[in-house]
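So you can see what is in the structure, the chains are spelled out below.
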Amino acid sequence: MLPYLDHHASTPCDPAVVAAMAPWWSERFANPSNRLHRPALEAAAALELARRRVAEAVGGQTEGVIFTSGATEAANLALKGVAEAAEERGERRRGLVTLATEHRAVLDPLAWLARRGFPLTVLPVDPDGLVDLDQLSAAVGPDTLLVSVMAANNEIGVLQPLAAIGALCHERGALFHCDGAQAVGHIPLAMADLGIDLLGISGHKLYGPKGVGALVRRPGVALAPQQHGGGQEGGLRAGTAAVPLIVGLQAALELALVDRSARAERLEALRERLEQALEALGDVKRNGHPSLRLAHNLNVSVGGVDGGRLHQLLRRSIAVSSGSACSQGSPSHVLAALGRSRQEAAASIRFGLGRSTSEAEIEAAIGAVAEAVAELRHAS
Ligand SMILES: *Cc1c(COP(=O)(O)O)cnc(C)c1O
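The following paragraphs examine the structure supplied in this document. All figures in this text were calculated on a predicted structure; none of them were measured in a lab.

Here the focus is the sheet that holds strand β2 (residues 95–99). Spatial strand order, β1-β7-β6-β5-β4-β2-β3: seven strands in an open sheet with mixed pairing. The sheet terminates laterally at β1 (65–68) and β3 (120–123), the two strands that pair on one side only. Put simply, the sheet's adjacent strands are angled 15° from each other on average, direction ignored. Judged from the four bridges that link them, β1 and strand β7 (residues 213–217) form a sheet pairing that is antiparallel. Its bridge partner being in β7, Ile66 is matched across the sheet by Leu215. Strand contacts of helix α4 (residues 71–88): β1, β4 (144–148), β5 (175–179), β6 (198–202) and β7, with the helix running at about 170° to β4, the strand carrying the most contacts.

For the rest of this paragraph, the subject is empty space enclosed by the protein. Applying the stated criterion across every chain yields a total of two cavities of 30 Å³ or more. Its boundaries defined by the atoms lining it, the largest cavity holds a volume of some 60 Å³. Taken together, His186, Tyr207, Arg260, Arg263, Ala264, Leu267, His296 and Leu353 make up the lining of the largest cavity. Per-class residue counts for the lining of the largest cavity are four nonpolar, two polar and two charged.

Here the structure, examined in full by the defined rule, presents zero disulfides. Looking at the unpaired Cys178, the closest cysteine sulfur is the one in Cys169, lying at 10 Å.

Reading the values: rules and limits
- Position numbers for residues count from 1 along each chain, tracking the sequence in the order it is written.
- The predicted origin of the model limits local features to residues at a pLDDT of at least 70 and limits the giving and counting of side-chain atom pairs to 80 or more, whereas totals for whole chains, interfaces and linings rest on all residues.
- Hydrogens and water are ignored here; the side-chain numbers use all heavy atoms of the structure.
- By this definition, two strands are paired if DSSP reports at least two bridges between them.
- Per the convention used, a helix needs a DSSP run of H or I reaching at least four residues, while a strand needs a run of E reaching at least two, with both numbered from the N terminus.
- Each axis is a line fitted through C-alpha atoms, and for a helix only the stretch in contact is used; angles between axes span 0 to 180 degrees, taken between their N-to-C directions.
- When checking whether two residues touch, look at their non-hydrogen atoms; a contact exists if any pair is within 4.5 Å.
- Put simply, the grid is 1 Å and covers the protein atoms alone, a cavity is a trapped set of points that fit a 1.4 Å probe, a pocket is an open set with protein on both sides within 12 Å along at least five of seven lines, and lining residues have an atom within 4 Å of a point.
- Grid points are joined across faces, edges and corners, and a volume is the space filled by probe spheres set on the points.
- The nonpolar class holds Ala, Val, Leu, Ile, Met, Phe, Trp, Tyr, Cys and Pro. Asp, Glu, Lys and Arg form the charged class, and all remaining residues, Gly among them, are polar.
- Note on terminology: pairs of cysteine sulfur atoms within 2.5 Å are recorded as disulfides.

See the structure below:
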């Protein structure tokens, strides 16, 4: 099999997670919203256990967990839900603040709100991809309703200073929304300690199934539902709960808590080996902060080669990506925010190592990049 080094796009659903989900498809299939018979009560109990475990995993409150179809839906519910609730109560605060390097799942709903009269400030980042806290402090004022900053970037792995951002938001009376899709299950993250009011989670980014995630809300944060219907999830997200997927999300989180720190340690050593070997090729720039980053991420721009040709060659022997999986075609807005040129962004390689990544795969990746770069540089 082709070495798979694209774990920021998606992770394999762990076999233990698949096993945990198995009984909930065809045997224990009852609808958890129906409280009139035992099978339904059992499904409801499984749902509530998952809610408790997900809350515990992120230092949140059980009653704050709203299961969704993934992190995109969680971000839409959080951002539009907060804005609509503020509008309904005639709140003076309407300002929204975010970073240029956020995921499209955050930037697009915010732009949608901006078109509907919620002033949006998109802050630049420093050349390493970090928020400038002085700029953030200047941008968050008495009119700011919400600040949205992701925990870990999906392209460059950069970790933002969440505790400082949370403290600033609360000092100014603004809400703090954090897209945790790349962080939860990978680094320790406790909502209460960091002052996070709303946290998004995605199952398939943490070795769980696709099509499930959660928004964890600090109880008391007003949210208007974005999907109306049968009143499930405390009236905040109507629709029959996806019990098998939610059980899978719970299992994936539990598994991640067990191996998270050892996995990060192992992958960091492999990442360092990869980084050193690529730097030795010459004219290779790392994108993103050298140490404030996910242990399993490396993003580099290769000088003196055409990005399209580079990826065409790499495709034969490894699975890596350029930019984010969700913005194929257009150059990465994240790398542009770091000041990278179009050409540098096109000739970038994002490596996302994962639970199954072996030393042999890293050596294969090094060989593949070295060969492709030599071929392209020699030809020019
Ligand atoms: C993958 C990802 C999302 C979207 O998650 P889905 O569950 O696929 O909707 C949002 N934000 C970040 C940072 C991501 O990496």
